[in-house]
Amino acid sequence: MDTTNSFSKKISRRDALKLGSIAAMATTATMVSPQKTIAKPVEEKKDSYNVSKHGTIDEIYNIDPKMQRFDQANSAFCKSILGDFGVIPLKPNDNPNMKNAFMNVVFATGGYNPISQEFNPHLKAQKPGHSDLDLALDTGALALENMTGSALARVLANESGPAMPLADGSLLPISLYKQQVPFPGQFNKYEKQHKFESPKDAAYAIKKAAKLYGADLVGIAPFEERWLYKSEVYLPMDVNGNPIKEHVNPFRQVKFDFKPKSVIVLGFEMDYEAYKTQPSAIGAAATSMGYSQMMETSVRLAYMIRRLGYNTVHAGNAVGISVPLAIQAGLGESSRMGLLVTEEYGPRVRIAKVYTDLDIELDKPKTFGVKEFCEICQKCADACPSEAISKAVKTTDPENKPKNDCNGKGVDKWYNDHQKCMSFWGENWGECAVCISVCPYNKIDMWHHDAAKSVTKIPGLRRLARTFDEIFGYGKAGSEKLMKAYWNRRI
Ligand code: SF4
Ligand code: SF4
(Lines give C-alpha, C1' and ligand atoms only; values in the text may rest on other atoms or scores of the structure.)
(Ligands and ions follow the chains in the order given, each with its own letter.)
Protein backbone atom coordinates (compact mmCIF):
# COMPACT_ATOMS: atom_id res chain seq x y z
CA MET A 1 0.00 0.00 0.00
CA ASP A 2 1.29 3.41 -0.82
CA THR A 3 1.82 5.29 2.40
CA THR A 4 1.49 8.75 0.90
CA ASN A 5 -2.25 8.64 1.16
CA SER A 6 -2.48 7.51 4.76
CA PHE A 7 0.31 9.84 5.87
CA SER A 8 -1.32 12.81 4.28
CA LYS A 9 -4.65 11.99 5.86
CA LYS A 10 -3.02 12.42 9.26
CA ILE A 11 -2.42 16.10 8.48
CA SER A 12 -5.68 17.94 8.88
CA ARG A 13 -6.56 20.61 6.37
CA ARG A 14 -6.42 23.27 9.07
CA ASP A 15 -2.93 22.17 10.17
CA ALA A 16 -1.78 22.05 6.60
CA LEU A 17 -2.97 25.55 5.95
CA LYS A 18 -0.99 26.74 8.94
CA LEU A 19 2.07 25.34 7.19
CA GLY A 20 1.25 26.88 3.86
CA SER A 21 2.27 30.33 2.79
CA ILE A 22 -1.31 31.38 2.19
CA ALA A 23 -2.49 30.56 5.71
CA ALA A 24 -3.67 34.11 6.13
CA MET A 25 -6.18 33.69 3.33
CA ALA A 26 -7.89 30.68 4.70
CA THR A 27 -9.32 31.18 7.99
CA THR A 28 -18.62 23.11 17.21
CA ALA A 29 -20.94 21.74 17.20
CA THR A 30 -20.31 18.77 19.45
CA MET A 31 -22.49 15.83 18.48
CA VAL A 32 -24.95 14.86 21.16
CA SER A 33 -24.82 11.20 21.92
CA PRO A 34 -28.18 9.46 22.17
CA GLN A 35 -26.66 6.67 24.23
CA LYS A 36 -25.23 7.26 27.67
CA THR A 37 -22.98 4.29 27.04
CA ILE A 38 -20.98 6.27 24.47
CA ALA A 39 -18.36 7.77 26.75
CA LYS A 40 -16.72 10.14 24.35
CA PRO A 41 -18.95 12.25 22.12
CA VAL A 42 -17.65 12.48 18.58
CA GLU A 43 -16.59 15.96 17.57
CA GLU A 44 -18.23 17.05 14.36
CA LYS A 45 -15.86 18.50 11.77
CA LYS A 46 -16.23 22.28 11.67
CA ASP A 47 -17.17 23.77 8.35
CA SER A 48 -14.07 25.13 6.74
CA TYR A 49 -13.46 28.61 5.43
CA ASN A 50 -16.06 30.19 3.17
CA VAL A 51 -18.73 27.47 3.28
CA SER A 52 -22.38 28.58 3.04
CA LYS A 53 -25.34 26.54 4.26
CA HIS A 54 -28.67 26.59 2.37
CA GLY A 55 -32.22 25.49 3.17
CA THR A 56 -32.76 23.40 0.03
CA ILE A 57 -31.10 22.57 -3.26
CA ASP A 58 -33.55 25.00 -4.96
CA GLU A 59 -31.82 27.90 -3.20
CA ILE A 60 -28.59 26.99 -5.02
CA TYR A 61 -29.71 25.89 -8.51
CA ASN A 62 -32.51 27.01 -10.77
CA ILE A 63 -34.77 23.97 -10.98
CA ASP A 64 -37.88 24.00 -13.16
CA PRO A 65 -40.88 23.07 -11.00
CA LYS A 66 -42.29 21.27 -14.06
CA MET A 67 -39.10 19.21 -14.48
CA GLN A 68 -39.82 15.69 -15.79
CA ARG A 69 -38.41 12.73 -13.92
CA PHE A 70 -35.55 11.00 -15.76
CA ASP A 71 -35.77 7.49 -17.23
CA GLN A 72 -32.84 5.33 -16.12
CA ALA A 73 -32.85 3.73 -19.58
CA ASN A 74 -31.78 7.14 -20.95
CA SER A 75 -28.64 7.21 -18.84
CA ALA A 76 -25.65 6.87 -21.16
CA PHE A 77 -24.47 3.72 -19.43
CA CYS A 78 -27.82 1.94 -19.73
CA LYS A 79 -28.33 3.18 -23.28
CA SER A 80 -24.96 1.82 -24.24
CA ILE A 81 -25.72 -1.64 -22.90
CA LEU A 82 -29.26 -1.53 -24.23
CA GLY A 83 -27.79 -0.79 -27.65
CA ASP A 84 -27.90 -4.53 -28.13
CA PHE A 85 -31.66 -4.25 -27.64
CA GLY A 86 -32.14 -1.65 -30.32
CA VAL A 87 -32.56 1.29 -27.94
CA ILE A 88 -29.52 3.10 -29.23
CA PRO A 89 -26.96 1.83 -31.72
CA LEU A 90 -23.44 2.96 -30.86
CA LYS A 91 -20.34 2.62 -33.03
CA PRO A 92 -19.99 -0.80 -34.67
CA ASN A 93 -17.42 -2.99 -33.04
CA ASP A 94 -14.37 -4.90 -34.30
CA ASN A 95 -15.31 -7.66 -31.91
CA PRO A 96 -17.76 -9.94 -33.75
CA ASN A 97 -19.24 -11.07 -30.43
CA MET A 98 -20.43 -7.57 -29.56
CA LYS A 99 -22.83 -5.33 -31.41
CA ASN A 100 -21.50 -2.04 -30.10
CA ALA A 101 -18.10 -0.89 -28.94
CA PHE A 102 -19.32 0.01 -25.48
CA MET A 103 -19.89 -3.67 -24.74
CA ASN A 104 -16.08 -3.93 -24.77
CA VAL A 105 -16.18 -2.04 -21.48
CA VAL A 106 -18.85 -4.20 -19.93
CA PHE A 107 -16.82 -7.26 -20.73
CA ALA A 108 -13.38 -5.77 -20.23
CA THR A 109 -14.26 -4.28 -16.86
CA GLY A 110 -13.24 -6.83 -14.33
CA GLY A 111 -11.43 -8.63 -17.15
CA TYR A 112 -13.42 -11.80 -16.60
CA ASN A 113 -14.58 -12.59 -20.12
CA PRO A 114 -11.76 -14.37 -21.99
CA ILE A 115 -13.70 -14.48 -25.29
CA SER A 116 -14.06 -10.73 -25.34
CA GLN A 117 -10.52 -10.20 -24.12
CA GLU A 118 -9.10 -11.92 -27.22
CA PHE A 119 -10.05 -8.78 -29.14
CA ASN A 120 -8.65 -6.28 -26.63
CA PRO A 121 -5.65 -4.71 -28.46
CA HIS A 122 -4.25 -3.12 -25.29
CA LEU A 123 -4.27 -6.46 -23.52
CA LYS A 124 -2.70 -8.23 -26.49
CA ALA A 125 0.15 -5.74 -26.36
CA GLN A 126 0.26 -5.95 -22.53
CA LYS A 127 0.22 -2.13 -22.51
CA PRO A 128 0.96 -0.53 -19.15
CA GLY A 129 -2.34 0.05 -17.39
CA HIS A 130 -4.08 -2.65 -19.48
CA SER A 131 -1.98 -5.76 -18.79
CA ASP A 132 -3.19 -9.03 -17.29
CA LEU A 133 -1.97 -7.82 -13.89
CA ASP A 134 -3.91 -4.54 -14.24
CA LEU A 135 -7.11 -6.26 -15.37
CA ALA A 136 -6.79 -8.81 -12.58
CA LEU A 137 -6.56 -5.93 -10.10
CA ASP A 138 -9.88 -4.68 -11.44
CA THR A 139 -11.41 -8.18 -11.37
CA GLY A 140 -10.70 -8.49 -7.64
CA ALA A 141 -11.94 -4.99 -6.90
CA LEU A 142 -15.22 -5.56 -8.72
CA ALA A 143 -15.91 -9.01 -7.25
CA LEU A 144 -18.59 -7.98 -4.75
CA GLU A 145 -20.28 -5.62 -7.16
CA ASN A 146 -20.38 -8.35 -9.81
CA MET A 147 -22.14 -10.70 -7.41
CA THR A 148 -25.09 -8.34 -7.10
CA GLY A 149 -25.15 -6.16 -10.20
CA SER A 150 -25.54 -3.27 -7.78
CA ALA A 151 -24.15 -0.67 -10.17
CA LEU A 152 -27.37 -0.67 -12.14
CA ALA A 153 -29.86 -2.25 -9.81
CA ARG A 154 -31.33 -2.39 -6.38
CA VAL A 155 -28.93 -4.46 -4.32
CA LEU A 156 -29.78 -8.04 -3.31
CA ALA A 157 -33.40 -7.54 -4.22
CA ASN A 158 -33.52 -10.22 -6.91
CA GLU A 159 -33.74 -7.33 -9.30
CA SER A 160 -30.72 -7.57 -11.59
CA GLY A 161 -27.13 -8.70 -11.84
CA PRO A 162 -26.01 -12.25 -12.55
CA ALA A 163 -29.11 -14.43 -12.50
CA MET A 164 -30.31 -17.98 -13.08
CA PRO A 165 -33.71 -18.60 -14.69
CA LEU A 166 -35.84 -20.94 -12.58
CA ALA A 167 -38.43 -23.44 -13.83
CA ASP A 168 -41.31 -21.05 -12.97
CA GLY A 169 -39.77 -18.30 -15.13
CA SER A 170 -38.51 -16.24 -12.19
CA LEU A 171 -34.84 -15.37 -11.73
CA LEU A 172 -32.55 -16.12 -8.82
CA PRO A 173 -29.40 -14.00 -8.42
CA ILE A 174 -26.35 -16.21 -8.81
CA SER A 175 -24.83 -14.89 -5.61
CA LEU A 176 -27.88 -16.00 -3.62
CA TYR A 177 -28.09 -19.29 -5.48
CA LYS A 178 -24.50 -20.11 -4.64
CA GLN A 179 -25.04 -19.22 -1.01
CA GLN A 180 -28.37 -21.11 -0.91
CA VAL A 181 -30.06 -17.99 0.58
CA PRO A 182 -28.64 -18.55 4.10
CA PHE A 183 -31.52 -17.44 6.31
CA PRO A 184 -34.97 -17.17 4.74
CA GLY A 185 -36.62 -13.98 5.90
CA GLN A 186 -33.30 -12.55 7.05
CA PHE A 187 -33.96 -9.37 5.19
CA ASN A 188 -37.48 -8.82 6.54
CA LYS A 189 -37.98 -5.87 8.84
CA TYR A 190 -38.22 -6.55 12.57
CA GLU A 191 -41.75 -6.31 13.93
CA LYS A 192 -40.91 -4.30 17.05
CA GLN A 193 -39.82 -0.77 16.20
CA HIS A 194 -36.94 0.81 18.10
CA LYS A 195 -37.84 4.34 19.20
CA PHE A 196 -35.08 6.92 19.14
CA GLU A 197 -35.35 9.87 21.54
CA SER A 198 -35.45 12.26 18.59
CA PRO A 199 -34.74 12.39 14.84
CA LYS A 200 -31.37 13.95 15.77
CA ASP A 201 -30.50 10.90 17.87
CA ALA A 202 -31.56 8.63 15.01
CA ALA A 203 -29.32 10.56 12.61
CA TYR A 204 -26.39 10.29 15.01
CA ALA A 205 -26.76 6.50 15.37
CA ILE A 206 -27.21 5.90 11.65
CA LYS A 207 -24.22 8.08 10.73
CA LYS A 208 -22.06 6.37 13.34
CA ALA A 209 -23.05 2.95 11.94
CA ALA A 210 -22.53 4.07 8.32
CA LYS A 211 -18.97 5.11 9.16
CA LEU A 212 -18.32 1.78 10.90
CA TYR A 213 -19.68 -0.05 7.85
CA GLY A 214 -17.24 1.75 5.57
CA ALA A 215 -18.70 5.08 4.38
CA ASP A 216 -16.29 8.01 4.18
CA LEU A 217 -19.11 10.55 3.96
CA VAL A 218 -22.73 10.36 5.08
CA GLY A 219 -25.60 12.83 4.94
CA ILE A 220 -29.38 12.69 4.96
CA ALA A 221 -31.71 14.15 2.32
CA PRO A 222 -35.49 14.39 2.29
CA PHE A 223 -37.24 11.88 0.02
CA GLU A 224 -38.48 13.72 -3.08
CA GLU A 225 -40.24 12.07 -5.98
CA ARG A 226 -38.60 14.39 -8.53
CA TRP A 227 -35.22 12.66 -8.01
CA LEU A 228 -36.63 9.15 -8.50
CA TYR A 229 -36.19 7.59 -11.93
CA LYS A 230 -39.44 7.73 -13.87
CA SER A 231 -38.72 4.13 -14.84
CA GLU A 232 -35.87 1.79 -14.00
CA VAL A 233 -33.93 -0.75 -16.01
CA TYR A 234 -34.37 -4.42 -15.23
CA LEU A 235 -31.32 -6.11 -16.72
CA PRO A 236 -30.61 -9.61 -15.40
CA MET A 237 -27.48 -11.23 -16.85
CA ASP A 238 -26.44 -14.85 -17.19
CA VAL A 239 -23.27 -16.31 -15.72
CA ASN A 240 -21.26 -15.10 -18.70
CA GLY A 241 -22.46 -11.55 -18.21
CA ASN A 242 -24.86 -11.59 -21.18
CA PRO A 243 -28.25 -9.93 -20.57
CA ILE A 244 -31.08 -12.51 -20.47
CA LYS A 245 -33.01 -10.91 -23.31
CA GLU A 246 -36.48 -12.28 -22.64
CA HIS A 247 -36.36 -10.84 -19.10
CA VAL A 248 -34.91 -7.42 -19.88
CA ASN A 249 -37.27 -4.52 -19.27
CA PRO A 250 -35.74 -1.07 -19.83
CA PHE A 251 -38.84 0.83 -18.69
CA ARG A 252 -40.14 -0.73 -15.49
CA GLN A 253 -42.03 1.40 -12.93
CA VAL A 254 -40.08 2.40 -9.81
CA LYS A 255 -42.15 1.19 -6.89
CA PHE A 256 -41.75 1.15 -3.12
CA ASP A 257 -43.84 -1.07 -0.83
CA PHE A 258 -43.69 1.68 1.84
CA LYS A 259 -43.69 5.48 1.96
CA PRO A 260 -40.06 6.67 2.14
CA LYS A 261 -39.38 9.77 4.25
CA SER A 262 -35.68 10.25 3.70
CA VAL A 263 -32.59 9.05 1.85
CA ILE A 264 -29.33 8.29 3.63
CA VAL A 265 -26.60 9.23 1.15
CA LEU A 266 -23.23 7.50 1.46
CA GLY A 267 -19.96 8.68 -0.11
CA PHE A 268 -16.88 6.51 -0.75
CA GLU A 269 -13.45 7.89 -1.56
CA MET A 270 -11.67 6.27 -4.53
CA ASP A 271 -7.91 5.72 -4.34
CA TYR A 272 -5.90 8.80 -5.30
CA GLU A 273 -2.77 7.00 -6.54
CA ALA A 274 -4.78 4.61 -8.73
CA TYR A 275 -6.82 7.51 -10.11
CA LYS A 276 -3.66 9.29 -11.23
CA THR A 277 -3.25 6.52 -13.85
CA GLN A 278 -6.60 7.13 -15.57
CA PRO A 279 -7.68 6.03 -18.15
CA SER A 280 -6.44 2.55 -17.20
CA ALA A 281 -7.55 -0.72 -15.63
CA ILE A 282 -5.66 0.38 -12.50
CA GLY A 283 -7.87 3.47 -12.25
CA ALA A 284 -10.87 1.29 -13.07
CA ALA A 285 -9.92 -0.92 -10.10
CA ALA A 286 -10.28 2.09 -7.80
CA THR A 287 -13.72 2.75 -9.29
CA SER A 288 -14.62 -0.93 -8.90
CA MET A 289 -13.58 -0.83 -5.24
CA GLY A 290 -16.00 2.06 -4.86
CA TYR A 291 -18.81 -0.01 -6.39
CA SER A 292 -18.08 -2.97 -4.15
CA GLN A 293 -18.02 -0.64 -1.12
CA MET A 294 -21.32 0.94 -2.20
CA MET A 295 -22.90 -2.51 -2.14
CA GLU A 296 -21.32 -3.62 1.12
CA THR A 297 -22.10 -0.53 3.16
CA SER A 298 -25.60 0.13 1.86
CA VAL A 299 -26.60 -3.49 2.42
CA ARG A 300 -25.24 -3.42 5.98
CA LEU A 301 -27.00 -0.17 6.80
CA ALA A 302 -30.27 -1.45 5.34
CA TYR A 303 -30.03 -4.64 7.41
CA MET A 304 -29.41 -2.58 10.53
CA ILE A 305 -32.38 -0.26 9.91
CA ARG A 306 -34.67 -3.23 9.16
CA ARG A 307 -33.51 -4.82 12.43
CA LEU A 308 -34.68 -1.59 14.09
CA GLY A 309 -38.14 -2.14 12.60
CA TYR A 310 -38.15 0.28 9.64
CA ASN A 311 -38.37 -0.22 5.87
CA THR A 312 -35.46 0.33 3.49
CA VAL A 313 -34.54 0.18 -0.16
CA HIS A 314 -30.82 0.40 -0.84
CA ALA A 315 -29.17 1.11 -4.15
CA GLY A 316 -26.02 2.10 -5.92
CA ASN A 317 -26.79 4.11 -9.05
CA ALA A 318 -30.30 2.63 -9.27
CA VAL A 319 -33.75 3.81 -8.11
CA GLY A 320 -32.99 7.55 -8.32
CA ILE A 321 -30.41 10.12 -9.38
CA SER A 322 -27.62 10.26 -6.82
CA VAL A 323 -26.05 13.71 -7.39
CA PRO A 324 -29.01 15.95 -6.37
CA LEU A 325 -29.65 13.71 -3.37
CA ALA A 326 -26.01 14.02 -2.31
CA ILE A 327 -26.18 17.82 -2.72
CA GLN A 328 -29.37 17.99 -0.64
CA ALA A 329 -27.69 15.76 1.98
CA GLY A 330 -24.87 18.31 2.32
CA LEU A 331 -22.14 16.16 0.76
CA GLY A 332 -21.05 18.67 -1.89
CA GLU A 333 -21.89 20.63 -5.03
CA SER A 334 -22.52 19.93 -8.70
CA SER A 335 -19.76 20.73 -11.20
CA ARG A 336 -18.98 21.35 -14.87
CA MET A 337 -18.36 17.62 -15.41
CA GLY A 338 -21.77 16.93 -13.85
CA LEU A 339 -20.40 14.93 -10.94
CA LEU A 340 -20.65 15.68 -7.24
CA VAL A 341 -17.66 17.64 -5.93
CA THR A 342 -17.07 17.14 -2.21
CA GLU A 343 -14.89 19.32 0.01
CA GLU A 344 -12.99 16.28 1.22
CA TYR A 345 -12.21 14.33 -1.98
CA GLY A 346 -13.49 16.52 -4.81
CA PRO A 347 -15.21 14.39 -7.49
CA ARG A 348 -13.20 11.27 -6.51
CA VAL A 349 -16.16 9.65 -4.74
CA ARG A 350 -18.86 7.09 -5.45
CA ILE A 351 -22.35 7.44 -4.04
CA ALA A 352 -24.83 4.89 -2.65
CA LYS A 353 -28.12 5.50 -0.90
CA VAL A 354 -30.62 3.93 1.48
CA TYR A 355 -34.27 5.03 1.22
CA THR A 356 -36.11 4.62 4.53
CA ASP A 357 -39.25 5.51 6.53
CA LEU A 358 -37.26 6.04 9.75
CA ASP A 359 -37.80 9.53 11.23
CA ILE A 360 -34.34 11.02 10.96
CA GLU A 361 -32.88 14.54 11.07
CA LEU A 362 -32.11 15.94 7.63
CA ASP A 363 -28.91 17.70 6.61
CA LYS A 364 -28.65 21.01 4.78
CA PRO A 365 -26.98 21.61 1.40
CA LYS A 366 -23.72 23.57 1.41
CA THR A 367 -21.71 25.48 -1.16
CA PHE A 368 -18.03 26.37 -1.19
CA GLY A 369 -17.63 28.05 -4.58
CA VAL A 370 -17.49 25.07 -6.98
CA LYS A 371 -19.83 26.51 -9.61
CA GLU A 372 -17.98 29.83 -9.66
CA PHE A 373 -14.61 28.08 -9.89
CA CYS A 374 -15.82 25.74 -12.67
CA GLU A 375 -16.69 28.85 -14.73
CA ILE A 376 -12.99 29.73 -14.71
CA CYS A 377 -11.29 26.34 -14.56
CA GLN A 378 -12.45 24.06 -17.44
CA LYS A 379 -9.57 21.60 -16.82
CA CYS A 380 -11.87 18.60 -17.19
CA ALA A 381 -13.21 19.91 -20.51
CA ASP A 382 -9.68 20.54 -21.84
CA ALA A 383 -8.44 17.08 -20.78
CA CYS A 384 -11.45 15.02 -21.89
CA PRO A 385 -10.28 12.71 -24.74
CA SER A 386 -13.75 12.66 -26.35
CA GLU A 387 -14.51 16.39 -25.98
CA ALA A 388 -17.68 15.41 -24.17
CA ILE A 389 -17.58 18.15 -21.52
CA SER A 390 -19.13 21.54 -22.19
CA LYS A 391 -16.77 24.49 -22.64
CA ALA A 392 -19.52 27.08 -22.16
CA VAL A 393 -18.29 29.56 -19.57
CA LYS A 394 -21.59 29.76 -17.70
CA THR A 395 -24.48 27.32 -17.52
CA THR A 396 -26.71 30.13 -18.81
CA ASP A 397 -24.66 30.66 -22.01
CA PRO A 398 -26.75 30.06 -25.18
CA GLU A 399 -24.40 27.32 -26.45
CA ASN A 400 -24.95 25.27 -23.28
CA LYS A 401 -27.86 23.24 -24.62
CA PRO A 402 -28.93 19.61 -23.98
CA LYS A 403 -26.96 17.33 -26.33
CA ASN A 404 -29.33 14.34 -26.49
CA ASP A 405 -31.82 12.53 -24.28
CA CYS A 406 -29.02 11.29 -21.99
CA ASN A 407 -29.28 14.80 -20.49
CA GLY A 408 -31.87 15.33 -17.78
CA LYS A 409 -33.50 18.68 -18.44
CA GLY A 410 -34.96 21.47 -16.29
CA VAL A 411 -31.95 21.94 -14.00
CA ASP A 412 -29.37 24.73 -14.17
CA LYS A 413 -26.19 22.80 -15.11
CA TRP A 414 -23.60 22.22 -17.82
CA TYR A 415 -24.86 19.84 -20.51
CA ASN A 416 -22.29 17.24 -21.53
CA ASP A 417 -22.33 14.68 -24.33
CA HIS A 418 -22.44 11.38 -22.46
CA GLN A 419 -22.71 9.37 -25.67
CA LYS A 420 -19.32 10.73 -26.81
CA CYS A 421 -17.95 9.79 -23.40
CA MET A 422 -19.26 6.21 -23.60
CA SER A 423 -17.96 5.82 -27.15
CA PHE A 424 -14.47 6.67 -25.90
CA TRP A 425 -14.85 4.06 -23.15
CA GLY A 426 -15.63 1.51 -25.86
CA GLU A 427 -12.60 2.47 -27.93
CA ASN A 428 -10.43 2.43 -24.82
CA TRP A 429 -11.63 -1.07 -23.82
CA GLY A 430 -12.21 0.25 -20.35
CA GLU A 431 -13.31 3.19 -18.28
CA CYS A 432 -11.87 6.68 -18.43
CA ALA A 433 -12.46 9.19 -15.55
CA VAL A 434 -9.62 11.46 -16.75
CA CYS A 435 -12.00 14.32 -15.89
CA ILE A 436 -12.00 13.28 -12.23
CA SER A 437 -8.25 12.75 -12.07
CA VAL A 438 -7.39 16.23 -13.44
CA CYS A 439 -9.90 18.19 -11.32
CA PRO A 440 -8.13 20.52 -8.85
CA TYR A 441 -10.63 19.50 -6.14
CA ASN A 442 -9.58 15.83 -6.47
CA LYS A 443 -6.36 16.20 -4.51
CA ILE A 444 -5.56 14.59 -1.17
CA ASP A 445 -4.92 16.68 1.94
CA MET A 446 -1.39 18.04 1.62
CA TRP A 447 -0.49 21.64 2.24
CA HIS A 448 0.09 22.62 -1.38
CA HIS A 449 -3.11 20.86 -2.50
CA ASP A 450 -5.00 22.50 0.34
CA ALA A 451 -3.57 25.86 -0.60
CA ALA A 452 -4.75 25.40 -4.19
CA LYS A 453 -8.21 24.29 -3.08
CA SER A 454 -8.51 27.18 -0.64
CA VAL A 455 -7.78 29.67 -3.39
CA THR A 456 -10.83 28.32 -5.29
CA LYS A 457 -12.99 29.78 -2.51
CA ILE A 458 -11.68 33.32 -2.86
CA PRO A 459 -13.48 35.17 -5.66
CA GLY A 460 -10.63 37.51 -6.66
CA LEU A 461 -8.05 34.71 -6.72
CA ARG A 462 -9.91 31.97 -8.57
CA ARG A 463 -8.04 32.58 -11.82
CA LEU A 464 -4.84 31.88 -9.93
CA ALA A 465 -6.11 28.54 -8.67
CA ARG A 466 -5.95 26.70 -11.98
CA THR A 467 -2.45 28.06 -12.57
CA PHE A 468 -1.51 26.99 -9.04
CA ASP A 469 -2.66 23.45 -9.89
CA GLU A 470 -0.54 23.43 -13.05
CA ILE A 471 2.54 24.84 -11.28
CA PHE A 472 2.57 21.96 -8.83
CA GLY A 473 2.39 19.53 -11.73
CA TYR A 474 -0.86 17.93 -10.67
CA GLY A 475 -3.89 17.32 -12.74
CA LYS A 476 -2.27 15.81 -15.84
CA ALA A 477 -4.02 12.80 -17.33
CA GLY A 478 -2.43 9.39 -16.77
CA SER A 479 0.71 8.51 -18.72
CA GLU A 480 2.37 5.12 -19.21
CA LYS A 481 5.04 6.31 -16.78
CA LEU A 482 2.43 6.86 -14.09
CA MET A 483 0.83 3.49 -14.85
CA LYS A 484 4.16 1.70 -14.43
CA ALA A 485 4.93 3.77 -11.36
CA TYR A 486 1.79 2.50 -9.67
CA TRP A 487 3.22 -1.03 -9.40
CA ASN A 488 6.77 0.12 -8.68
CA ARG A 489 5.85 2.30 -5.71
CA ARG A 490 6.75 0.86 -2.35
CA ILE A 491 3.91 -0.61 -0.29
S1 SF4 B 1 -14.87 9.89 -18.44
FE2 SF4 B 1 -13.29 10.48 -19.93
S3 SF4 B 1 -14.38 10.61 -21.88
FE4 SF4 B 1 -15.93 10.67 -20.25
S5 SF4 B 1 -16.28 12.83 -19.78
FE6 SF4 B 1 -14.71 12.12 -18.35
S7 SF4 B 1 -12.78 12.60 -19.39
FE8 SF4 B 1 -14.38 12.66 -20.95
S1 SF4 C 1 -11.88 20.28 -13.48
FE2 SF4 C 1 -12.35 22.40 -13.05
S3 SF4 C 1 -14.13 22.86 -14.34
FE4 SF4 C 1 -13.96 20.64 -14.21
S5 SF4 C 1 -15.27 20.08 -12.49
FE6 SF4 C 1 -13.20 20.31 -11.66
S7 SF4 C 1 -13.14 22.43 -10.96
FE8 SF4 C 1 -14.90 22.27 -12.33
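Use the structure listed above.
Residues numbered from 1 in each chain as written. Chains lettered and ligands numbered in written order. Predicted model: local features only at pLDDT ≥ 70, side-chain atom pairs only at ≥ 80, totals over all residues. Heavy atoms only, no water.

**Here's the deal with the overall build of the chain**
Then, number 1: If you tally the helices and strands in the chain, you get 19 helices and 11 strands.
Then, number 2: Expressed as a percentage of its 491 residues, the buried residues of the chain come to 56%.
Then, number 3: Accessible area for the chain stands at about 22500 Å²; split by element, carbon and sulfur atoms hold 55% of it. (Helix = DSSP H or I, 4+ residues; strand = E, 2+ residues; numbered from the N terminus. Buried < 20%, exposed > 50% of the residue type's maximum accessible area, 1.4 Å probe, protein only. Areas by Shrake-Rupley, 256 points an atom, 1.4 Å probe, with all protein chains shown as cover.)

**Quick word on the site of ligand 2**
Then, number 1: Lining the immediate surroundings of ligand 2 are Ser335, Arg336, Met337, Phe373, Cys374, Cys377, Gln378, Lys379, Cys380, Cys439, Pro440 and Tyr441.
Then, number 2: Where the shell around ligand 2 is concerned, the elements lending two or more residues are α13 (370-377) and α14 (379-383).
Then, number 3: For the shell around ligand 2, the element with the most residues is α13, which contributes three residues.
Then, number 4: Tallied by class, the residues present in the shell around ligand 2 amount to eight nonpolar, two polar and two charged. (Near = heavy atom within 4 Å. Nonpolar A, V, L, I, M, F, W, Y, C, P; charged D, E, K, R; others polar.)

**Things to note about the pattern of salt bridges**
Then, number 1: Counted under the stated rule, the structure contains 13 salt bridges.
Then, number 2: Here Asp58 ties to Arg226 by a salt bridge, and the two come within 2.7 Å at their closest N and O atoms. Of the two residues, Asp58 sits in the loop between β1 (52-53) and α3 (76-82) while Arg226 sits in the loop between β4 (217-222) and β5 (231-234), which places them 168 residues apart along the sequence.
Then, number 3: Note that Lys371 and Asp412 form a salt bridge whose closest N and O atoms lie 2.8 Å from each other. In this pair, Lys371 is assigned in helix α13 and Asp412 in the loop between α14 and α15 (418-428), connecting sequence segments 41 residues apart.
Then, number 4: Salt bridges sharing common partners tie together Asp58, Glu224 and Arg226. (Salt bridge = Lys/Arg side-chain N within 4 Å of Asp/Glu carboxyl O.)

**Here we look at the packing of aromatic side chains**
Then, number 1: Counted under the stated rule, the structure contains eight aromatic pairs.
Then, number 2: For the ring pair Tyr486 and Trp487, a centre distance of 5.5 Å and an interplane angle of 85° mean the geometry is edge-to-face.
Then, number 3: By relative accessible area, which is 24% here, Tyr486 ends up partly exposed.
Then, number 4: A relative accessible area of 36% places Trp487 in the partly exposed class.
Then, number 5: Counting every residue linked through ring pairs, the aromatic cluster contains Phe223, Phe256, Phe258 and Tyr355.
Then, number 6: A cation sits over an aromatic face here: Arg307 above Tyr190, 3.9 Å from the ring centre. (Phe/Tyr/Trp six-rings, centres within 6.5 Å; stacked < 30°, edge-to-face > 60°. Lys NZ or Arg CZ within 6 Å of the ring centre and 35° of its normal.)

**What about α15?**
Then, number 1: Residues Met422, Ser423, Phe424, Trp425, Gly426 and Asn428 constitute the buried set of α15.
Then, number 2: By the N-cap criterion, in which a side-chain oxygen at the helix start approaches the backbone nitrogen of a residue two or three places on, α15 is capped by Asp417, the distance to Gln419 being 3.2 Å.
Then, number 3: Trp429 occupies a position one or two residues after α15 and carries a positive phi of about 55°. (Polar contact = N/O pair within 3.5 Å; in protein donor to acceptor, adjacent residues only side chain to side chain.)

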